[in-house]
Structures are given as structure tokens and as C-alpha cells.
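Examining the three-dimensional arrangement
Residues per chain, in single letters:
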Amino acid sequence: MASSAPIFFREVQGWIELIILIFALILEAVAFVHCLTQRGAGFQALGTLPKGAWAAIIGVSIFLTYLGQSALGIFGLIGIAASLIYLLDVRPGLRDIADGKGFW
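Everything in this summary refers to the structure shown in the same document. (Residues numbered from 1 in each chain as written. Predicted model: local features only at pLDDT ≥ 70, side-chain atom pairs only at ≥ 80, totals over all residues. Heavy atoms only, no water.)

1. Here's the deal with the nonpolar core
A general feature of soluble globular proteins is that nonpolar side chains tend to end up buried together. By size, the foremost hydrophobic cluster in this structure holds 15 residues, and its most contacted members are Cys35, Phe43, Trp54, Tyr86 and Val90. Filtering out sequence-adjacent residues up to four positions away, Cys35 remains in contact with Phe43, Lys51, Trp54, Ala55 and Tyr86. (Core = buried A, V, L, I, M, F, W, Y, C linked by side-chain atoms within 4.5 Å. Buried < 20%, exposed > 50% of the residue type's maximum accessible area, 1.4 Å probe, protein only. Contact = heavy atoms within 4.5 Å.)

Right, here's the structure in full:
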């Protein structure tokens, strides 16, 4: 019974890594598209990196995640972190500036 576990383990591991890779690429693509559709002045008003820098960071992370075929590698994890920072920190600030609510 223990001898059949490695075969099943590799198959399950492959499927889980594929699901994580697809999730990472979708997350990075959403952040990239959102970044490209925002005005550059909002990034300056927010006091964060310029729009071009965010677009470059997220775009390169998409490329490296896809090229490496692994979201669990170093470049995949950096890409996920950069996309989450953009989506959870920068995007709400841009939304507040666009709505006229300010930073509070």
C-alpha cells in the first residue's frame, strides 16, 4: 500500500501546482489590466511608484511566472506578492482618489 502512494502523490502535486499557477497568472493579469486602465496622475497623488513602474513590475512578473511554469518558484512568489500589494494597497487608494473621498 505504501508503494502506490508516490505515484498518486505526484499526480495530485501536479494538479495542485497547475491550479496555483493558473490562479497566480489570473491574479497578475487582473492587477496588470487594472494598472493599465488607471490615470497616471492618480499614482502621483497617491505618492506611490509611477504607473509605468507598477506596469513594468507586474508585466515582468507575469512573464517570469509563465516562463518558469511555476507559481511556487521564487519569481512566481515575487509576482504574486507584487500583484497583491498593488491590488490590496494601491488600488483602494486610487479608487478613493477617483471618488473624491481623499485618503481617509
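2. Quick notes on the packing of aromatic side chains
Two descriptors summarise a pair of aromatic rings, namely the distance from one centre to the other and the angle between the planes of the rings. The full count for this structure, using the stated rule, is 2 aromatic pairs. Grouped by ring-pair contacts, the aromatic residues Phe43, Trp54 and Tyr86 constitute a single cluster. (Phe/Tyr/Trp six-rings, centres within 6.5 Å; stacked < 30°, edge-to-face > 60°.)

3. Remarks on a nonpolar patch on the surface
Where nonpolar side chains cluster on the molecular surface, the patch consists of Trp15, Leu18, Ile22, Ile26 and Val30 and spans about 490 Å² of accessible area. The residue Leu18 is located in helix α1 (residues 5-37) in this model. Using a relative accessible area of 38% as the deciding quantity, one classes Leu18 as partly exposed. (Patch = residues over 30% accessible without salt bridge, like charges linked within 9 Å, V, L, I, M, F, W, Y side chains within 5 Å. Areas by Shrake-Rupley, 256 points an atom, 1.4 Å probe, with all protein chains shown as cover. Salt bridge = Lys/Arg side-chain N within 4 Å of Asp/Glu carboxyl O. Helix = DSSP H or I, 4+ residues; strand = E, 2+ residues; numbered from the N terminus.)

4. Details of helix α3 (residues 51-68)
Helix length check: α3, at 18 residues, gives a terminal C-alpha distance of 26 Å against a target of 26 Å (1.5 Å per residue), a fit within 8%. Here α3 has its buried residues at Trp54, Ala55, Ile58, Ser61 and Thr65. Down the axis of α3, the buried side of the element spans an arc of 135°, and every buried residue falls inside it. Facing away from the buried side of α3 by more than 90 degrees, the exposed set consists of Phe63 and Leu67. (Expected span 1.5 Å × (residues − 1). Arc of directions from axis to C-beta.)

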